[in-house]
Amino acid sequence: MSSPKIIVCGTCAIDITFPADATTLPLQANVSAAGTLLNTAILLGIDGHDVTMVGEVARDTLGGILLRHLQDNGVNITSIDRFSDGGTTPIQLRHTSGGDIVDYGRYPDQKFDTVWPRIDPDDIVVFGSGFALDPRVRPQLVELLDNATQRNATILYVPDIASSLTRGVTRLMPAILENLETSHVVFTHKSDIASIFGAVDARQCYRDKINFYCPTAVNCDTANGNLELMHPGGYSSKEISGISTDSVSTQAALLAGFISSMARLGLTRRDIAGLHNTTADELITRTLSAVTNH
């Protein structure tokens, strides 16, 4: 059986991280690809998967650098829209001591528009973050997800909502619930469970809030060192150890490991809907192994 194609739909951005003790110029900064979904696509490309990124960047130097970085790491960029009317590729500024992310850049006024990748049965489509909630992007994205559903692809939703959006989460809930209902798996971080659903316990949140819409949920709890998989047939949990506890890099690594494990186990949407504990345990074990051996 051939391996499925993986289509990742999300924001394409640059991260600039400043030292915690920075008080004046000049200073040293670390520049890297930003966001869980973008880094997940890169990790899957490095791992040898057939992965396509769906997103957008400006026709500027930073946009070109980011596209070359994706290509250099094995990611297909033919479904990334390059806009001319607007600011530079969005830049996320972070401080190593924590705090809110500051977003810079200006998107074009026109709606997001790109060439859809080909989607075949049992391909894996991953989407989420603020990209999936942006009114300018959403109509095109919903069409792509409808096509993926009709083509019998497996759809995985990653909320990954920034703190700037969680303050208005009530307004976003209809779109979030629609995203859950579209999906076969939802992959959350503990912060998503708290900020979106106001919950503390992932299993309780799955039973009360998620299961009605989406049959399978994976929760990454880096604070307590657990990776949990909840499904109609039961529950599986493994300890996260031997990897960084940074929430962004860890979530990207675990998400990439989970998707890679799904693909290499040959699990389809039908398998995900009918998981039993033995397969769930193997899936979680392989996910952690993929991360620690990367």
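Residues numbered from 1 in each chain as written. Predicted model: local features only at pLDDT ≥ 70, side-chain atom pairs only at ≥ 80, totals over all residues. Heavy atoms only, no water.

## Considering the overall build of the chain
A tally of regular secondary structure across the chain gives ten helices and 13 strands. Pairs at least 24 residues apart make up 71% of the contacts formed inside the chain by residues separated by at least 6 positions. Accessible area for the chain stands at about 13200 Å²; split by element, carbon and sulfur atoms hold 49% of it. (Helix = DSSP H or I, 4+ residues; strand = E, 2+ residues; numbered from the N terminus. Contact = heavy atoms within 4.5 Å. Areas by Shrake-Rupley, 256 points an atom, 1.4 Å probe, with all protein chains shown as cover.)

## Some words on unusual backbone geometry
Pro26 follows Leu25 through a cis peptide bond whose omega is -5°. With respect to the helices and strands, the residue Pro26 is situated in the loop between strand E2 (13-18) and strand E3 (30-34). Positive phi, normally seen in glycine, also occurs at Asp122, with a value near 75°. Topologically, Asp122 is positioned in the loop between strand E7 (102-104) and strand E8 (124-128). Its identity is not glycine, yet Asn152 carries a phi of approximately 60°, on the positive side.

## Re the packing of aromatic side chains
All chains considered together, the criterion is met by three aromatic pairs. Where Phe127 meets Tyr157, the ring centres are 5.0 Å apart and the plane angle is 25°; that geometry is what we call stacked. Separated by 30 residues along the polypeptide, Phe127 in strand E8 and Tyr157 in strand E9 (residues 154-158) bring together distant segments of the chain. A residue is classified by how much of its surface remains accessible, and Phe127, at 0% relative accessible area, is buried. Ring geometry for Phe212 against Tyr213: centres 5.0 Å apart, planes inclined by 85°, an arrangement best described as edge-to-face. (Phe/Tyr/Trp six-rings, centres within 6.5 Å; stacked < 30°, edge-to-face > 60°. Buried < 20%, exposed > 50% of the residue type's maximum accessible area, 1.4 Å probe, protein only.)

## A few points about the pairing of E2
By the criterion of burial, E2 is predominantly enclosed, with five of the six residues buried. Strand direction decides the pairing type here: E2 and E3, joined by five bridges, are antiparallel. In the sheet register, Ile14 faces E3, and the bridge partner there is Ala33. (Pairing = 2+ DSSP bridges.)

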